[in-house]
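The primary structure of each chain is shown beneath.
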Amino acid sequence: MLIALIARDKPGALQTRLDNRSAHLAYIEETGVVSQAGPLLDGDSMIGSLIILNVEDLAAAQSWAESDPYAKAGLFQSVELIAWKKVIG
């Protein structure tokens, strides 16, 4: 099941993002469930994340999201998990 994780950073949290980026990327690699990912942008500023998870169910996506080093560091103002269907690409 594909799940879109849309996370919005807390205002002024760029340093939190930068400080935890290596751990976040290592988590993505070790879990093996991320099919696509990248930052949300406002001009040149990173304001959040879009991550497409390939997991068994919504509960697995929730567990993944809660264990993400970015989430543990308090980077996000909000996190939304939405079932997603790939049509193009």
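Residues numbered from 1 in each chain as written. Predicted model: local features only at pLDDT ≥ 70, side-chain atom pairs only at ≥ 80, totals over all residues. Heavy atoms only, no water.

Draft legend 1. Region of interest: the pattern of salt bridges. Enumeration according to the criterion identifies 1 salt bridge in this entry. A salt bridge links aspartate 9 to arginine 17, with the nearest nitrogen and oxygen atoms 2.9 Å apart. We note that aspartate 9, like arginine 17, is buried. (Salt bridge = Lys/Arg side-chain N within 4 Å of Asp/Glu carboxyl O. Buried < 20%, exposed > 50% of the residue type's maximum accessible area, 1.4 Å probe, protein only.)

Draft legend 2. Just the environment of glycine 48, in detail. Looking at the element boundaries, glycine 48 is found in strand 3 (residues 45-54). Residue classification places glycine 48 among the buried positions, given a relative accessible area of 0%. Distance from glycine 48 to glycine 74, taken between C-alpha atoms, is 12 Å for residues 26 residues apart in sequence. (Helix = DSSP H or I, 4+ residues; strand = E, 2+ residues; numbered from the N terminus.)

Draft legend 3. Layout of the side chain of histidine 24. Its place among the elements puts histidine 24 in helix 1 (residues 14-31). Those residues in contact with histidine 24, other than ones at most four positions away along the chain, are Ile51, Asp68, Pro69 and Tyr70. (Contact = heavy atoms within 4.5 Å.)

Draft legend 4. Region of interest: the sheet that holds strand 1 (residues 2-9). Across the sheet, which stays open at both edges, the 4 strands sit in the order 2-3-1-4 with antiparallel pairing between neighbours. Here the strands that pair on one side only, and so sit at the sheet edges, are strand 2 (34-42) and strand 4 (76-83). Mean inter-strand twist for the sheet, computed between neighbouring axes without regard to direction, equals 15°. Pairing analysis gives 7 bridges linking strand 1 to strand 3, with the strands arranged antiparallel. Its bridge partner lying in strand 3, leucine 5 is registered against isoleucine 51. Of the strands in this sheet, strand 1, strand 2, strand 3 and strand 4 touch helix 1, which is tilted by about 20° from strand 3. (Pairing = 2+ DSSP bridges. Axes fitted to C-alpha atoms, helices over the stretch in contact; angles between N-to-C directions.)

Draft legend 5. Representation of helix 1 in the model. Over its 18 residues, helix 1 runs 24 Å from end to end, which matches the ideal 26 Å to within 8%, given 1.5 Å per residue. For helix 1, the set of buried residues is Arg17, His24, Tyr27 and Ile28. Considering only its buried residues, helix 1 is in contact with strand 1, strand 2, strand 3, helix 2 (58-67), helix 3 (69-72) and strand 4. Of the residues trailing helix 1, glycine 32 is marked for its positive phi of about 65°. (Expected span 1.5 Å × (residues − 1).)

Draft legend 6. Seen up close, helix 2. By the burial criterion, the buried members of helix 2 are Ala61, Trp64 and Ala65. One side of helix 2 holds all its buried residues, which, seen down the axis, span an arc of 100°. Looking at the buried positions of helix 2, the neighbouring elements they touch are strand 1, helix 1, strand 2, strand 3, helix 3 and strand 4. Looking at where helix 2 begins, the residue whose side-chain oxygen comes 3.2 Å from the main-chain nitrogen of alanine 59 is aspartate 57. (Arc of directions from axis to C-beta. Polar contact = N/O pair within 3.5 Å; in protein donor to acceptor, adjacent residues only side chain to side chain.)

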